[in-house]
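Commentary on secondary and tertiary structure
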Amino acid sequence: MAKKYDKQVSIIMYAFVFALLVLGFMHEVEPYIQPPDPLKPQIMDYAAEISVIGVDEVVPLIKKSTSRQKPLMVVMFASWCGYCRMQMPDIIGLKREGGLDHLDILFLSRDYQLMKLSEYMLRAGYYNDFKPHVIKDSLFGSSLTEAMHAVGSGYNGKIPYIEFYDREGRMVK
C-alpha cells in the first residue's frame, strides 16, 4: 500500500515540476509570440517631440502665446481623464473644420507618462492637430493653480478646463 501511495505522490510531483517548466518556458517565449505593436516606433518618436515644462514656465508660455495677433484658447486636459477624452473630439473637430481659426490654441497636458499620452494622441489621430505641453510635477499640486491665478485665470485644478485670453493677455470671462 505504501508503494502505491509513494508512486502517486511521485506522479503528482513530476506533474507539478512539468507544469512549472511549461509555465517558465511560456514566460520566456510569450514576448516573441505576441505580435509587435506597429505604432511603437511612432509613439516613441512622438513622445520625444512633446515639450515638458515646469509649473513656473506656464505663465510665461501663456503670456508669450497671447502676444500674437489672435486671442488665445488654453485647453487643460489629460489622456487618462475620461471626460477629457469625451471633449477632445469636439475641440479637434472644430479645429479641423476651421471653426477655431480665429484663435491660437495652447494645449496643456496634466499627463505624467509621455508614452501613454503619445499612444493616446496617435491612436486617436490627434498627432497632426497639436503638440501639447506637458506640465511636469503638477498632478494634484496647488502650485499650478497658483501659477494660473497669476495670469488672472480661474483655474481650479480640475480638468478638462478651457479658458480664453484676449490679445493683451487678459482672461476673457
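Structure shown above.
Let me begin by describing the structure that accompanies this report. Remember, it's a predicted structure, so these values are computed and weren't measured experimentally.

1. Focus on the packing of aromatic side chains
- On inspection of all chains with the given rule, the structure shows six aromatic pairs.
- On the basis of an interplanar angle of 85° and a centroid distance of 6.0 Å, the ring pair of phenylalanine 77 and phenylalanine 130 is categorised as edge-to-face. You can see phenylalanine 77 sitting in strand E2 (residues 72-77) and its partner phenylalanine 130 sitting in the loop between helix H5 (114-124) and strand E4 (133-135), a full 53 residues away along the chain.
- We classify phenylalanine 77 as buried; its relative accessible area is 1%.
- Judged by its relative accessible area of 6%, phenylalanine 130 is buried.
- What links up through ring pairs into an aromatic cluster is the set Phe77, Phe107 and Phe130.

2. With respect to the pairing of strand E3 (residues 104-109)
- Along E3, five of the six residues are buried, which leaves the element largely enclosed by surrounding structure.
- Strand direction decides the pairing type here: E2 and E3, joined by six bridges, are parallel. Across the sheet, valine 75 pairs through a bridge with phenylalanine 107, a residue of E3.
- Handedness of the crossover is the feature at issue here: the chain leaves E2, passes through helix H4 (residues 82-97), returns alongside E3, and the resulting connection is right-handed.
- Relative to E4, E3 runs parallel, the two being bridged by two bridges. The residue bridging leucine 108 from the neighbouring strand is histidine 133, located in E4.
- Crossover connection from E3 via H5 to parallel E4: handedness right-handed.

3. Things to note about the nonpolar core
- Counting residues in hydrophobic clusters, the biggest one holds 42 residues, and the most contacted among them are Ile62, Met76 and Leu108.
- The element that contributes the greatest number of residues to this core is E2, accounting for six residues.
- When neighbours within four sequence positions are excluded, leucine 108 is seen to be in contact with Ile53, Val58, Leu61, Val74, Val75, Met76, Phe77, His133 and Ile135.

Rules and cut-offs
- Residues numbered from 1 in each chain as written.
- Predicted model: local features only at pLDDT ≥ 70, side-chain atom pairs only at ≥ 80, totals over all residues.
- Heavy atoms only, no water.
- Phe/Tyr/Trp six-rings, centres within 6.5 Å; stacked < 30°, edge-to-face > 60°.
- Helix = DSSP H or I, 4+ residues; strand = E, 2+ residues; numbered from the N terminus.
- Buried < 20%, exposed > 50% of the residue type's maximum accessible area, 1.4 Å probe, protein only.
- Pairing = 2+ DSSP bridges.
- Right-handed = clockwise from strand over helix to strand, strands pointing away.
- Core = buried A, V, L, I, M, F, W, Y, C linked by side-chain atoms within 4.5 Å.
- Contact = heavy atoms within 4.5 Å.

Treat this as a map of the structure, not an account of what it does.
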